[in-house]
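# Coordinates in review
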Amino acid sequence: MATLGLVLSVVMIILSVLLCIIILLQSKRSAGLGAIGGGGSGDTYWSKNKGSSMEGALERYTKIGGALFMILALVINLIG
């Protein structure tokens, strides 16, 4: 079990570094709280096709990486 915990810890460190890099690659959103009140137009061409762009891919990778990070942390906690 100690070897498995060590391997999972190394995987978690690598995943955390990758998550930091992916988050830093994302563009800054300057809308802030103004987007809540409808400050920006959400029906533009770029907002409709966001999923197929690089920005959409980075957002998707961030969600997947965050979910994997939480699951891995839970598994390491249960093992140790």
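Rules used throughout
- Residues numbered from 1 in each chain as written.
- Predicted model: local features only at pLDDT ≥ 70, side-chain atom pairs only at ≥ 80, totals over all residues.
- Heavy atoms only, no water.
- pLDDT = per-residue confidence, 0-100.
- Helix = DSSP H or I, 4+ residues; strand = E, 2+ residues; numbered from the N terminus.
- Salt bridge = Lys/Arg side-chain N within 4 Å of Asp/Glu carboxyl O.
- Buried < 20%, exposed > 50% of the residue type's maximum accessible area, 1.4 Å probe, protein only.

### Description of the confidence of the model for the protein
Put simply, the protein has an average pLDDT of 82, and 71% of its residues get 70 or more. Ranking the elements of the protein by mean pLDDT puts helix α2 (residues 45-48) last, at 59, and helix α1 (residues 2-25) first, at 95.

### Some thoughts on the pattern of salt bridges
Taken as a whole and assessed by the stated rule, the structure comprises one salt bridge. Here Glu 59 makes a salt bridge to Lys 63, at a shortest N to O gap of 3.6 Å. You can see Glu 59 and its partner Lys 63 sitting in helix α3 (residues 54-79), four residues apart, about one turn around the helix. The exposure class of Glu 59 is partly exposed, given its relative accessible area of 24%. Overall, Lys 63 belongs to the exposed group, its relative accessible area being 57%.

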